[in-house]
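The chain contents come next:
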Amino acid sequence: VSFCRKEERRVRANDREYNEKFQYANNCIMTSKYNIITFLPVNLFEQFQEVANTYFLFLLILQLIPQISSLSWFTTIVPLVLVLSITAVKDATDDYFRHKSDNQVNNRQSQVLISGILQKEKWMNVRVGDIIKLENNQFVAADLLLLSSKNICTHIPSAHLMILGEVICEPPNNKLDRFCGTLYWRENKYSLSNQNMLLRGCVLRNTESCYGLVIFAGPDTKLMQNSGRTKFKRTSIDRLMNTLVLWIFGFLVCMGVILAIGNAVWEKEVGSLFQSYLPWDPSVDNFLFSAFLAFWSYVIILNTVVPISLYVSVEVIRLGHSYFINWDRRMFCQRCNTPAEARTTTLNEELGQVEYIFSDKTGTLTQNIMTFNKCSINGHAYGEEESGTSLCEKEFLRLDFSFNSLADKDFCFYDQSLLDAIKLGEPLVHEFFRLLSLCHTVMSEEKSEGELVYKAQSPDEGALVTAARNFGFVFRSRTPNTITVQELGRPVTYSLLAILDFNNIRKRMSVVVRSPEGKIRLYCKGADTLLFERLHPCNQDLMNVTSDHLNEYAADGLRTLVLAYRDLSEQQWEDWAAQLHSAERAPDYREDRLAAAYEEIEQDMMLLGATAIEDKLQEGVPETIALLSLANIKIWVLTGDKQETAVNIGYSCKMLTDDMTEVFIINGHTVQSVREELRQKSMPAAHPSSNLLDSISGEYALVISGHSLAHALEADMEREFLDTACVCKAVICCRVTPLQKALVVELVKKHKKAVTLAVGDGANDVSMIKTAHIGVGISGQEGIQAVLASDYSFSQFRFLQRLLLVHGRWSYLRMCRFLCYFFYKNFAFTMVHFWFGFFCGFSAQTVYDQYFITLYNIVYTSLPVLAMGIFDQDVPEQRSLEYPKLYEPGQLNLLFNKREFFICIAQGIYTSVVLFCVPYGVLSQATGSDGIPLADYQTFAVTVATSLVIVVSVQIALDTGYWTAINHFFIWGSLGSYFTILFAMHSNILFSIFPNQFHFVGNAQNTLQQPVVWLTIALATVICIVPVLAFRFLKLDLKPQLSDTVRRAFTKTQIRRSRRPGALGRLGRAGSRRSGYAFAHQEGFGELITSGKNMRLSSLALATFASRHSASWIDTLRKKKVLQLVQGFKHLLATLYSGSGSLVSASFLAVKNKGSDLGSFVI
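The following refers to the structure shown. All values reported here derive from a predicted model rather than from experimental measurement.

### Describing the sheet that holds strand E30 (residues 792-794)
Strand order in the open sheet made by the nine strands is E11-E30-E29-E28-E12-E24-E27-E26-E25, with mixed pairing throughout. Both edges of this open sheet fall to strand E11 (341-342) and strand E25 (662-666), since each of them pairs with a single strand only. Pairing geometry for E11 and E30, over two bridges, is antiparallel. Note that in E30 the partner of Glu-341 across the bridge is Ser-793. Sheet strands in contact with helix H26 (residues 799-837) are strand E12 (354-359), strand E28 (755-760), strand E29 (774-778) and E30, and its direction is about 145 degrees off that of E30.

Dropping the structure here:
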């Protein structure tokens, strides 16, 4: 064995003393991060990796220096401790569940062979070299070398398990599909491969019991080696926030420098004249050092401009959004009993910004429930159905398999000629189904006499074996060396000589069997492109006919396989078996040697025919794709199916339509041919301008095969391919490998800078799911690998529309509104200190009471903005689905960007100017009702603080688009809590207890009982809010967003419906005809049409129109609407005139929408 000493593992069975010399890991796993002792230091260390937390720790240290701090230390430590505590509680909770899971796993029981006796041991006590007994349905405790089984013949019989043997193998690694090693036992040497291993986490099935030798334990097992940390995905808003926080920090430094310069000038020009009254501190000996200290003092005072609670607030909001996804009953599948699950909390708002969806086909767009539909045997096609056959006729034509007691009662087939061929004994038809009953890896379980249950690795195999079963070739059971089949009632046992298994590269599977008569035959099934190359030349005519049948099946959207066989002589088999044995024992390049051996035997085969399996579309797929297309989301299908099948599914789900100008087919086999095809197909798209892109994006589609895609993804051609693909409305990549799926996603991420989403259901989709910005797993028939690798999971593709258009859009909207308001309120609060600096000699004195500074962000303003960030909506969920164009602002990043950030900052600075100048100007000349002047620092501070809390509360009330009881409670409750705490802190009680801490005793009561103070607060509030209201009203009237238009139309509709019963009563005298009110359903649509795609469509209309370019169906829709209006108007006149006898006149007013060529018609 060619392992380097440092790169090999030696394991001796039943010899713990020998194995412990190597200090192999034990079987105890630990996925938790902390324990009771390490939690506090480790968690704090992790939290202070965040720049914001480290920054505030630095500020806290500065505040402990008396010469530069004008604030008490608790103004920083209280918010900091609160943020650290919330994060620590979250981390501790997560780690507690990890500990709980670890303990549950580590304390499972196993039967370990010790001194010849089976003893129960906890998993954590199992060691490398131990021999373990497993029983049916038990979990595998560690990575085991299978030694003996009651169902499987292996290297060591059960009776010899105590005899010492030694294994030399590769070191621990994360490669699940390979294992290389050698077993030395009784002076014999046995080559070991992945076929000999049982991996931790698997469950033993269909086997009564088995024994295994522990090779890898605990953290060294393949499962744990693959459970490394998933790559952390960050949203575009996260990246923008980090940039903005750095900008804010730079702005803080600039303000500190400006005020420090002001301090230096003031101390030199003015302060030096008052040394007798205001002497410098003993440590300050000149104005420059005073300015240096003032800089740090202002950094402390103005630190709230850098939001300490921003990140923890964002995490709380994201957690709330994740729960909404988990609790959505409309994304719950009753049939599967599977809810939607947000497996991450960090990507919710990015769901509202998706531009590209990459989807698998089988199991994602389709149900992955396979049914044997058609077949071609020796050039004869079976299973064709007459067009127009009704359901009743089909049920009548369904074949009767009652002659076969082992038939599956749910199996349906409608072509009697195939059953007749079986009964007539046609040899090739028998051979066809014999192949299906032998060439597979299905396991059979007979629960009772005649009741067979097949457990297949894939639904395709299950469907094929079930078809053979119903047509009389029943797979009954298997052992490692035999396969038992009941052929037309006669049991036959074949010797299984070799299995040449399927993989993504071979795309075929073969078995070599020996019949009871001694005849050796290889049976093979696989993809047509690969099998046709390996057929004997005499099959050319039959291959042409079968190819025609395959094209027909693929055009019907069926999944196809080709079947072939080869007879082997005894000498051929022995020669090849020796070659196979040599390849299996090879210490290195074993996989390559096996592939070469397989290639040699799978030649000169005879064609039998082909199978066609139907995989129906999932419910709601066409409507979902149409709706997402209207939301300007491009959908690319990446599938391993052949081109014809993929194209047919594209038409079925409305990705491709007959109205398209052209469907590009890229099928070249060389670099040059692919480049030429791309350039021919992309005549208008090779260097598309934005206007040209818009003009052609709805009329073209691109279909490219896997071998062409391999060339198109090369560095010198990838941009050309991407430019062509991006101007197409639909892209279908067929015959692609899992790696190619990931490369396509990476290509779009790299060059388009767009948010990508990948959705799939199988292990071959994992790389694509992990590569995309957002990964969605469909929990279906192919296990849970895709779900485990995903960020979100559910059971039906149609739920994707709610995930994106409802939850994703709302999450993006809420997060953007939260961030805009958060930065606004912090700047409005902090900048008052900056303006005050120019009036206090730049002495770093604060405007507010230090307790107000402490509580502003954690009590007075925290809960309202959290409520808005969690619950806010602009339009109801149904409107989000009816008007998919509402999704576009997220794709264009319109709601929160650098421009919106500066607008929020400007509003906050404007508010701070008003909050400082208005009270300062009024109170400097004002007197109280008792004649005492109000121009004192404490009155000014209370007035400014009260004005600030009221203004930001009114502002968030204006920003809230969807009111709940929680919003009311938090907004008005926060306002009430401010006054409660204010009066409490200015009370005599606290002053008598803490006289050195509460200096503003009685000030709140004295200030807020003055009418002029309330007039000042009202004036400041009006000056802050009225410009915002005026701007929003003008914007709503002059340049409304689509959401504003939809919301206004929804309100009008609600009002109209509330008035409708009275109108019905007055017009009801002529009868109960609904035509009298037909126009009420059309009124108001004119305001909603900003482009052709903004019309509200039913699901049927979506499915019909979504696949066409807007310019082609808007005209049709306009003519249809006009015709309906004219006819309905005539009918209404006739109805009203005949009912009341009075002349009713009406006129049409065509209102032309700006930017749209479709007028809205109002009656």
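### Some points on the sheet that holds strand E14 (residues 380-382)
An order of E14-E13-E23-E22-E21-E20-E19-E18-E17 is seen for the nine strands of this open sheet, with the pairing classed as antiparallel. The sheet terminates laterally at E14 and strand E17 (473-478), the two strands that pair on one side only. Pairwise comparison of adjacent strand axes, ignoring direction, gives a mean angle of 30 degrees for this sheet. Across eight bridges, strand E13 (residues 366-377) lies against strand E23 (residues 606-617) in antiparallel orientation. By the bridge assignment, Ile-377 is partnered in E23 with Gly-609.

### Side note on the pairing of strand E16 (residues 451-455)
Here is the key point about a regular strand: its side chains alternate between the two faces of the sheet. Here E16 shows a clear split, with Leu-452 and Tyr-454 buried on one side and none of Glu-451, Val-453 and Lys-455 buried on the other. As paired strands, strand E15 (residues 443-448) and E16 are joined by five bridges and run antiparallel to one another. Bridge assignment links Met-443 to a residue of E16, and that residue is Lys-455. Counted between consecutive antiparallel strands, the loop separating E15 from E16 contains two residues, among which Gly-450 sits at a positive phi close to 85 degrees.

### Topic: the packing of helix H27 (residues 850-860) against helix H33 (residues 965-985)
It is the contact of H27 with H33, at a shortest axis distance of 11 Å, that shows an interaxial angle of 155 degrees. Considered as vectors, H27 and H33 are oriented roughly antiparallel to each other. H33 is crossed by H27, and the crossing has right-handed handedness. Residues Tyr-851, Phe-852, Leu-855, Val-859 and Tyr-860 of H27 pack against Ser-974, Ser-977, Tyr-978, Ile-981 and Met-985 of H33. Residues belonging to the contact of H27 with H33 are distributed by class as follows: eight nonpolar, two polar and no charged.

### Concerning the side chain of Lys-374
For Lys-374, the location among the structural elements is in strand E13. Engagement of the side chain of Lys-374 in a polar contact is seen with the side chain of Asp-556, the distance being 3.1 Å. Apart from the residues lying within four places of it in its own chain, the contact partners of Lys-374 are Tyr-382, Gly-383, Glu-384, Phe-413, Tyr-553, Asp-556, Leu-558, Thr-611 and Ala-612.

### Some remarks on the nonpolar core
Leu-819, Tyr-848 and Phe-852 are the most contacted members of the largest nonpolar core, which totals 102 residues. Top contributing element to this core by residue count: H26, with 17 residues. Apart from residues lying up to four places away in sequence, Phe-852 is in contact with Phe-829, Tyr-860, Ala-945, Leu-948, Val-949 and Tyr-978. Counting residues in hydrophobic clusters, the runner-up holds 49 residues, among them Ile-325, Met-331, Val-637 and Met-655.

### Overview of the pattern of salt bridges
Under the defined criterion, the tally for this structure stands at 45 salt bridges. The shortest N-O distance in the salt bridge between Glu-46 and Lys-33 comes to 3.5 Å. In this pair, Glu-46 sits in helix H2 (residues 39-47) while Lys-33 sits in the loop between helix H1 (16-19) and H2, placing the two residues 13 residues apart along the sequence. On the accessibility criterion, Glu-46 (28% relative accessible area) is partly exposed.

### Examining the packing of aromatic side chains
Within the structure shown, the criterion is met by 57 aromatic pairs. With a centroid separation of 6.0 Å and 80 degrees between ring planes, the pair formed by Phe-852 and Tyr-978 is classed as edge-to-face. Of this pair, Phe-852 sits in helix H27 while Tyr-978 sits in helix H33, and the two are 126 residues apart along the sequence. You can call Tyr-978 buried: its relative accessible area is 1%. Aromatic rings pair up to connect Phe-829, Tyr-848, Phe-852, Tyr-856, Tyr-860, Tyr-978, Phe-979 and Trp-1014 into one cluster. Its guanidinium or amino end placed over the ring of Trp-123, Arg-108 lies 5.1 Å from that ring's centre, counting from NZ or CZ. Seen from the ring of Phe-139, Arg-108 lies directly overhead, with NZ or CZ sitting 4.5 Å from the centre.

### Topic: unusual backbone geometry
Located in the positive-phi region is Asn-378, a residue other than glycine, with phi close to 55 degrees. Of note, Asn-378 is situated in the loop between E13 and E14. Judged by relative accessible area, Asn-378 falls into the partly exposed class, the value being 43%. With phi around 55 degrees, Lys-507 is a residue other than glycine that occupies positive phi space. Mapped onto the elements of the fold, Lys-507 is located in the loop between strand E19 (490-500) and strand E20 (508-514). Judged by its relative accessible area of 24%, Lys-507 is partly exposed.

### Remarks on a nonpolar patch on the surface
Taken together, the side chains of Ile-258, Phe-838, Phe-839 and Tyr-920 make up a nonpolar region of the molecular surface, amounting to roughly 380 Å² of accessible area. As for its position among the elements, Ile-258 is in helix H6 (residues 236-269). A relative accessible area of 42% means that Ile-258 is categorised as partly exposed.

Rules used in this analysis
Residues numbered from 1 in each chain as written. Predicted model: local features only at pLDDT ≥ 70, side-chain atom pairs only at ≥ 80, totals over all residues. Heavy atoms only, no water. Pairing = 2+ DSSP bridges. Helix = DSSP H or I, 4+ residues; strand = E, 2+ residues; numbered from the N terminus. Contact = heavy atoms within 4.5 Å. Axes fitted to C-alpha atoms, helices over the stretch in contact; angles between N-to-C directions. Buried < 20%, exposed > 50% of the residue type's maximum accessible area, 1.4 Å probe, protein only. Parallel < 35°, antiparallel > 145°, perpendicular 65-115°, else oblique. Left-handed = near helix turned anticlockwise from the far one by under 90°. Nonpolar A, V, L, I, M, F, W, Y, C, P; charged D, E, K, R; others polar. Polar contact = N/O pair within 3.5 Å; in protein donor to acceptor, adjacent residues only side chain to side chain. Core = buried A, V, L, I, M, F, W, Y, C linked by side-chain atoms within 4.5 Å. Salt bridge = Lys/Arg side-chain N within 4 Å of Asp/Glu carboxyl O. Phe/Tyr/Trp six-rings, centres within 6.5 Å; stacked < 30°, edge-to-face > 60°. Lys NZ or Arg CZ within 6 Å of the ring centre and 35° of its normal. Patch = residues over 30% accessible without salt bridge, like charges linked within 9 Å, V, L, I, M, F, W, Y side chains within 5 Å. Areas by Shrake-Rupley, 256 points an atom, 1.4 Å probe, with all protein chains shown as cover.

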